[in-house]
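Descriptive analysis of the structure
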Amino acid sequence: MKVAIIMGSNSDWPILEPAEKTLKEFGVEVEVIVASAHRTPDVVHEFAAGARNRGVEAIIAAAGAAAHLGGVIAAYTTVPVIGIPINATPLNGMDALLSFVQMPAGIPVATMAINGAKNAALFAVQILSVKYPELVTKLAENRLRMQEEVKAKGEKLAKLRAEGK
């Protein structure tokens, strides 16, 4: 089980680090690279074209501005690509969101929320769960933990309100 994370700039890492952490929690190997579709196109081409041969089963691509990293990668591979638009400009990530979500027919890129690294990782795990049934159980356990956390937060708030705080 292997997922690659590619970002256009190392300044994106603080946003993407939760994706790596989430993938590792599920036992997924992670490959991380910094490459730009515009400034290092040959590196991006080599990365994408060789992904399947390296055992990569999903790619998380993150970029800010109107960068086309996810689409360029998707053009060079049939491995599923999950885009994360990064909030990096005065447009608050809307330019990046549109560059990911407005892909031409035939070259799909799944697109998460702006700065949505954790959901990108969880979606990659869901993709992998089709092939690796042990991930189905781990995903169910993860959802149960989330339910328990929300319930505990609700109980804590109810207690604080009852105490008049």
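Structure shown above.
Points about the sheet that holds strand 3 (residues 58–64)
An order of 2-1-3-4-5 is seen for the five strands of this open sheet, with the pairing classed as parallel. Of all the strands in the sheet, just strand 2 (29–34) and strand 5 (110–111) have a single pairing partner and so form its edges. Here strand 4 (residues 81–86) runs beside strand 5; their pairing, made up of two bridges, is parallel. When the bridges of strand 5 are listed, I82 appears paired with A110. Sitting on the sheet, helix 3 (residues 69–76) touches strand 1 (2–7), strand 3 and strand 4, and the angle it makes with strand 3 is about 150°. Where helix 4 (residues 94–101) meets the sheet, it contacts strand 3, strand 4 and strand 5, and its direction lies at approximately 160° from that of strand 4.

Describing the pairing of strand 2
In this sheet, strand 2 lies alongside strand 1 in parallel orientation, the contact comprising six bridges. Looking across to strand 2, one finds that I5 is bridged to V32. Note on the crossover from strand 1 through helix 1 (residues 13–25) to strand 2: the handedness is right-handed.

Let's talk about the pattern of salt bridges
With the rule as written, the count across this model stands at four salt bridges. Of the charged contacts, one joins E20 and K24 as a salt bridge, the two residues approaching to 3.5 Å between their closest N and O atoms. In this pair, E20 and K24 are both assigned in helix 1, four residues apart and thus about one turn of the helix distant. A salt bridge links E31 to R54, with the shortest nitrogen-to-oxygen separation between them at 2.8 Å. Taken together, the positions of E31 in strand 2 and R54 in the loop between helix 2 (41–49) and strand 3 put the pair 23 residues apart, joining distant regions of the chain. For E31, a relative accessible area of 16% gives the class buried. A single salt-bridge network, built from bridges that share partners, covers K2, E31 and R54.

What counts and how
Residues numbered from 1 in each chain as written. Predicted model: local features only at pLDDT ≥ 70, side-chain atom pairs only at ≥ 80, totals over all residues. Heavy atoms only, no water. Pairing = 2+ DSSP bridges. Helix = DSSP H or I, 4+ residues; strand = E, 2+ residues; numbered from the N terminus. Contact = heavy atoms within 4.5 Å. Axes fitted to C-alpha atoms, helices over the stretch in contact; angles between N-to-C directions. Right-handed = clockwise from strand over helix to strand, strands pointing away. Salt bridge = Lys/Arg side-chain N within 4 Å of Asp/Glu carboxyl O. Buried < 20%, exposed > 50% of the residue type's maximum accessible area, 1.4 Å probe, protein only.

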